[in-house]
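Chains, contacts and geometry: an overview
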Amino acid sequence: MKFFYTLLVLLVSCSISIAQEQATQKLDSLAGLYMRSLQSSAVERTWIKTERPVYRSGDMVFFKGFVLHSLSGKPSRKSNILFVDLVDERDHVLQQAMLNAASFKTDGGFILPDTLASGHYWLRAYTRRSLLSADAPMDVQAIYVINALRPDAKELATDLKKEKKLPDDSLRIRFFPEGGTMIGGAETVVAFETKDANGDAVRVSGYLTDADSVVTRFSSNETGLGKLSFFCWTWHPYRLHITRNGKPDLVYTLPKVDLFGAQIGLIEKNGVRKLRVVLEDSIFRRDKLTYVLGVSGDSLCFSAVGRGSYDQVLPEYRFPKGVSELLLFDDRFRLLSRRSFYVQGNETIVQLTADKPQYPAREKATIQLQISDKENRPQVGSFLVKVEDIAREAFYDPIKPASLTKKMMAEFPGTVSGLPERNAGEWELYLLAKEKQPVLLHTVSATEKEDSSFFITGHVEDEKGRAVAGKIITLFGDLKTKIFETDTTDAKGVFCFPFTAYDDQTKFNLQVTDQNGRLYPGKIILENKLQLPKVQTPVNLKQYFIKETIETVRKTMTVQSAKDTVLQKRGKEWLADVTVTGLIKKDPGYDTQKRMSLFSRIIPPEAFAKLPPSGLGNVVFRVPGIHLRNGYVTVNGGNSFGVGAATEPLLVVDGMPIPTDTADKLPGSEPSPLLMALNRIDPSVVEFIEVLTGPEAAMYGSRGGNGVIIVNTRSKLVIDDNSKANGIRNLRLKGFQVPEPFEQRDYSVKEIRNSKIPDSRTLIFWSGDGLTDKEGRATIQFYTADAVATYLVTVTGVTANGVRFQQQIPVSRK
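Read on for a plain summary of the structure. Quantities reported herein were computed from a predicted structural model and do not represent experimental measurements. (Residues numbered from 1 in each chain as written. Predicted model: local features only at pLDDT ≥ 70, side-chain atom pairs only at ≥ 80, totals over all residues. Heavy atoms only, no water.)

Quick notes on the overall build of the protein chain
A tally of helices and strands in the protein chain yields seven helices and 46 strands. Taken over 814 residues, the protein chain has a buried fraction of 49%. Taking contacts inside the protein chain between residues at least 6 apart in sequence as the whole, the part at least 24 apart equals 69%. Surface summary for the protein chain: the accessible area is close to 41100 Å², and the carbon and sulfur share equals 53%. (Helix = DSSP H or I, 4+ residues; strand = E, 2+ residues; numbered from the N terminus. Buried < 20%, exposed > 50% of the residue type's maximum accessible area, 1.4 Å probe, protein only. Contact = heavy atoms within 4.5 Å. Areas by Shrake-Rupley, 256 points an atom, 1.4 Å probe, with all protein chains shown as cover.)

Looking at the sheet that holds strand 6 (residues 107-111)
The antiparallel open sheet is built from three strands, whose spatial order is 1-3-6. Each having just a single partner strand, strand 1 (44-50) and strand 6 make up the two edges of the open sheet. Averaged over all pairs of adjacent strands, the angle between strand axes in this sheet comes to 30 degrees, irrespective of strand direction. (Pairing = 2+ DSSP bridges. Axes fitted to C-alpha atoms, helices over the stretch in contact; angles between N-to-C directions.)

Comments concerning the pattern of salt bridges
Across all of its chains, the model carries 23 salt bridges by this definition. With a closest N to O distance of 2.7 Å, R334 and D330 form a salt bridge. Judged by its relative accessible area of 47%, R334 falls in the partly exposed class. A salt bridge links R339 to E428; its shortest N-O distance comes to 2.8 Å. With a gap of 89 residues between them, R339 in strand 22 (residues 335-343) and E428 in helix 4 (residues 424-432) connect regions that are remote in the sequence. Each of the two residues, R339 as well as E428, counts as buried. Within this structure, E51, R52, D59, K386, E388 and R392 form a network of salt bridges that share partners. (Salt bridge = Lys/Arg side-chain N within 4 Å of Asp/Glu carboxyl O.)

Comments concerning a nonpolar patch on the surface
A cluster of nonpolar side chains, contributed by L149, L598 and F599, occupies part of the molecular surface with about 340 Å² of accessible area. Inspection of the secondary structure assignment puts F599 in the loop between helix 5 (547-561) and strand 34 (601-603). With relative accessibility at 63%, the residue F599 sits in the exposed group. (Patch = residues over 30% accessible without salt bridge, like charges linked within 9 Å, V, L, I, M, F, W, Y side chains within 5 Å.)

Regarding the sheet that holds strand 5 (residues 93-100)
Within the open sheet, the five strands sit side by side as 2-8-7-4-5. Their pairing is mixed. Here the strands that pair on one side only, and so sit at the sheet edges, are strand 2 (54-56) and strand 5. Ignoring strand direction, the axes of neighbouring strands in this sheet form an average angle of 25 degrees. Here strand 2 pairs with strand 8 (residues 139-146) via three bridges, running parallel. Bridging across to strand 8, R56 finds its partner in I146.

Quick look at unusual backbone geometry
Of note in the backbone geometry, F104 takes a positive phi value of approximately 60 degrees without being a glycine. With respect to the element layout, F104 can be found in the loop between strand 5 and strand 6. When its relative accessible area of 30% is taken as the criterion, F104 is described as partly exposed. Positive phi outside glycine occurs at A211, with the angle close to 60 degrees. With respect to the secondary-structure elements, A211 resides in the loop between strand 11 (205-210) and strand 12 (213-219). The exposure class assigned to A211 is partly exposed, which follows from its relative accessible area of 49%.

Concerning the environment of A117
Here A117 lies in the loop between strand 6 and strand 7 (119-126). C-alpha of A117 to C-alpha of S57: the two residues are 60 residues apart in sequence and 8.0 Å apart in space. Every residue in contact with A117, bar those within four places of it in the chain, is listed here: V145, N147 and R150.

Some words on the packing of aromatic side chains
The final tally for this structure, using the stated rule, is 24 aromatic pairs. For the pair F230 and Y238, a centre-to-centre distance of 5.0 Å together with 45 degrees between the ring planes defines the contact as tilted. Y238 carries the same exposure label as F230, and that label is buried. Put simply, the rings of F454, F495, F497, F499, Y502, F508 and F736 touch in pairs and so form one group of aromatic residues. Above the face of the F66 ring, K64 is positioned so that its terminal group lies 5.2 Å from the ring centre. In this structure, K471 packs its charged tip against the face of Y520, placed 4.5 Å from the ring centre. (Phe/Tyr/Trp six-rings, centres within 6.5 Å; stacked < 30°, edge-to-face > 60°. Lys NZ or Arg CZ within 6 Å of the ring centre and 35° of its normal.)

A closer look at the pairing of strand 46 (residues 804-813)
By the criterion of burial, strand 46 is predominantly enclosed, with seven of the 10 residues buried. With two bridges joining them, strand 24 (residues 358-359) and strand 46 adopt parallel strand pairing. Its bridge partner being in strand 46, Q358 is matched across the sheet by S812. Where strand 45 (residues 789-799) and strand 46 come together, 10 bridges link them in antiparallel fashion. For Y791, the partnering residue across the bridge sits in strand 46 and is V811. Counting the residues between successive antiparallel strands, the hairpin from strand 45 to strand 46 contains four residues, one of them, G802, with a positive phi of roughly 90 degrees.

Observations concerning the side chain of E388
Looking at the element boundaries, E388 is found in strand 26 (residues 381-389). Excluding residues within four positions of it along the chain, E388 makes contact with E393, T762, L763, I764, T790, Y791 and L792.

Describing the nonpolar core
Counting residues in hydrophobic clusters, the biggest one holds 42 residues, and the most contacted among them are Y700 and F782. Considering each element in turn, this core owes the most residues, five residues, to strand 45. (Core = buried A, V, L, I, M, F, W, Y, C linked by side-chain atoms within 4.5 Å.)

These values are about where atoms sit, not about what they do.
Below is the structure:
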């Protein structure tokens, strides 16, 4: 008998061991399948930061973009191009920049034309991969532009943070049961969201009833989010009552209990969080297997298998700081329930250290940046740095968007270091009410196509338009790029140079020769591979600023700008006032929003409509003050030290300064590099030309001192000398924006340091291309200004592990 009892125990033990091993193997299989599905379906998210929220027309808008993995938040290099657009109320693109995302060169800038009307504008950042995301196709940053000559005709939004009155009609209310389903016979948590007919959040309060009994009372916050906690009975009807002063309650029915449902939730006892799995009676069995996965971003942090309904301690130490998720599956790998949660701690440490306690005027300040985790292991990070007078920071800090939406809460989705922490209740509400994306347990076969946007490709034709095969195409770059490549045309006359990057308005020369190296008089036809995405900004991402704060800023900035404005006075030495009436605005024939200054000279389209292909340079002499002196273009005769290439006006094509040189000057041609560059532009693609000859050219810095000639084209894609059947083609292509450097005086030069010109900067320094070394270190250097002040150094960025951070340090200028 003892023998049989021992044998029975061994058999039961073996069967339990085999069952546990099979369950573990099945859990491993589920985890692998889910993580492969998750990672294969991931796309990208973008994040853009500007230097401040409010600008004057004519200012430079500095910005920094980040391209991140949609799940982990880590910097992504899958996309080659980050697009940044400046759009207006009608979503018209006013300016566009392409940034080199693959090389993490994602900082840039836009000059706001002084013809831009006052009002709201938006910078939107996106990649082709981020546009595949349904919930976050792009990041949008609002700015407000002030132009005293063109006031805002649109009424500004009022402060939506003020208490809203409860409307008379019914509210729009949505319920979010914990784990996605209502379960009877257990403690239940249900989040809710209340909005009015316009979709704006409304703060409410009231009570929950079971038949005629009050179960619990509730209230929502300013974002319209609230939570109900109560013991739920399966067959009881639960109703939500929203109270209104002197009016009947608004009544809503909660979702019914799912008789075949399962739920994964969180409970906390004595400071320890546990996950709780509850099965409804219809599917409950003590031996029913369920599987739990704990995921953060694209990483599996925890997995478990259980039977029936059970509790288990949540090992939070395995999860990084930020938002994570628990998923409950049955033995057929069907998703039963999911629950998001937030993990505190596991900090990334960002340290800023100044080399001196205080600095005198015009001295170099050095700030050391160190990024590490809580174990003091270095973390690589990409960042932007801003140094400003602390009074300036306090001036702009209150300027916030008027609408308080969940987007504002999700701007830093959990993985943030150095920012004020949201409390546990705020995270609980946000994550309970967060929309859940579908779970796919299959690998998404997304074929990665090579980005051909920067390919230079086309074909060669003979004089009769027939394709020419076997010809050698040689491509020469300019002195900066030093590119020299060759290709041979195929049977269809096609050639291709598969470049992945070059700067905007880079100059290329193409030449066709035969196999013996003799120039072949063929016609080179280029194909435009750069197809810009056609996108529309989601309406809910267009934030508006609060009226009261904008009005305050408008008055202050107008007073400041008055120092640069000519004042009118009364007296015999001043001209009498003139009143103009009956003025009818004529259509100028070009997009006036592209105009950089109201005081510039415009050469309209009709002036060069019938010009020969290489005659654009002649039209600039129609502008008063533009002359040709000793073969060089001058403004108002040039200076007394002589003329040359260095004294010619700056050439800007579609917002990009064009370097001019004489490296490819032909014998007998004009010596002027400016005229050579203008004559390479096909007049048929030019919309209009703007010439700055006075103080308005100062927006281009010292380079605008000799005047500025701005060529605005219709396509903004390809500018060349118009293809001829001579075997040669010169062209400039749209490429990656080269960011304008932040201008600060170099006080290491003695003459500049001793200059009597005052340095009254309040924005001391800006740089968007910060990158630490592999030890997590970086050095930040800038020169102080003249005024005694306290500077605030702000560093914002993201680590290689996907942790967004912001850290600040004050610096004293005594």
